[in-house]
Amino acid sequence: MIASQFHVSLTTLNQQFGYTVQMSVNKYIRLVRLLNARRLLLETNKAVGYIAGECGFASDKTFYRNFKAWKGVTPSAYRRKYAQYHKNDTRYF
């Protein structure tokens, strides 16, 4: 969809994006989704499944797998471990 909006092929989009940002479009989108999910985990009490859907993940399972690969812990464990610090100082999150 992004490639068609810019009237380029998917290959061209990935090459130009990769050259500029040093990662593929898909990886960048996943990172943005994960960053948004992390913020929601720390700033809200919304259910993890709700956050997964709000951030654009196709399923809870996909969200859990990606989050754990990114942070090394499940979203729930991350929330338990870091939410208290986030309330004190948001500059580091």
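Everything discussed here concerns the structure shown above.
Note that this is a predicted model, so its numbers are computed, not measured.

J.: I would appreciate a short explanation of the overall build of the protein chain in the present structure.
T.: For the protein chain, the count of helices and strands is 6 helices and 0 strands. When the helices and strands of the protein chain are read in sequence order from the N terminus, they spell out α-α-α-α-α-α. Whereas a compact globule of 93 residues would reach a radius of gyration of roughly 12 Å, the protein chain reaches 15 Å, over 25% beyond that. Summarising its shape, the C-alpha atoms of the protein chain cover approximately 45 × 30 × 20 Å along the three principal directions. Across the 93 residues in the protein chain, those meeting the buried criterion constitute 25%. Within the protein chain, counting contacts between residues at least 6 apart in sequence, those at least 24 apart form 40% of the total. When the accessible surface of the protein chain is summed, it comes to about 6600 Å², and 53% of that surface belongs to carbon and sulfur atoms. Positive and negative side-chain charges in the protein chain, numbering 15 and 4 respectively, have mean positions lying 8 Å apart.

J.: Hey, could you run me through the nonpolar core in this one?
T.: For soluble globular proteins, nonpolar side chains are generally found buried alongside one another. Counting residues in hydrophobic clusters, the biggest one holds 14 residues, and the most contacted among them are L41, I51, C55, F57, F63 and F67. Put simply, the parts of the chain that give this core at least two residues each are helix 3 (25-43), helix 4 (48-54), helix 5 (60-71) and helix 6 (75-88). It is helix 3 that provides the largest number of residues to this core, a total of 5 residues. I51 has contacts with A37, L40, L41, T44, K46, F63 and R79, leaving out every residue within four places of it along the chain.

J.: For this particular structure, what's the right way to read helix 2 (residues 10-21)?
T.: Along an α-helix, residues three or four apart share an orientation, since each turn contains 3.6 residues. Taking 1.5 Å as the rise per residue, helix 2 with 12 residues should run 16 Å; its terminal C-alpha atoms sit 16 Å apart, in good agreement. Downstream of helix 2 by one or two residues, Q22 has phi in the positive range, about 70 degrees.

J.: Honestly, the environment of T44 in this entry has me stumped. Any pointers?
T.: Positionally, T44 belongs in the loop between helix 3 and helix 4. Between the C-alpha atom of T44 and that of Q5, which follows or precedes it by 39 residues, the distance is 34 Å. In contact with T44, not counting residues within four places along its chain, are I51 and R79. Polar contacts involving the side chain of T44 include one to the main-chain amide nitrogen of K46, which spans 3.4 Å.

J.: Just checking my understanding: could you explain the environment of G56 for this structure?
T.: For G56, the location among the structural elements is in the loop between helix 4 and helix 5. The partly exposed category is assigned to G56, whose relative accessible area is 34%. In this structure the C-alpha to C-alpha distance between G56 and N66, which are 10 residues apart in sequence, comes to 12 Å.

Definitions and limits used
Residues numbered from 1 in each chain as written. Predicted model: local features only at pLDDT ≥ 70, side-chain atom pairs only at ≥ 80, totals over all residues. Heavy atoms only, no water. Helix = DSSP H or I, 4+ residues; strand = E, 2+ residues; numbered from the N terminus. Rg over C-alpha atoms; globule rule 2.2 N^0.38 Å. Buried < 20%, exposed > 50% of the residue type's maximum accessible area, 1.4 Å probe, protein only. Contact = heavy atoms within 4.5 Å. Areas by Shrake-Rupley, 256 points an atom, 1.4 Å probe, with all protein chains shown as cover. Lys, Arg positive; Asp, Glu negative; His and termini not counted. Charge placed at Lys NZ, Arg CZ, Asp CG, Glu CD. Core = buried A, V, L, I, M, F, W, Y, C linked by side-chain atoms within 4.5 Å. Expected span 1.5 Å × (residues − 1). Polar contact = N/O pair within 3.5 Å; in protein donor to acceptor, adjacent residues only side chain to side chain.

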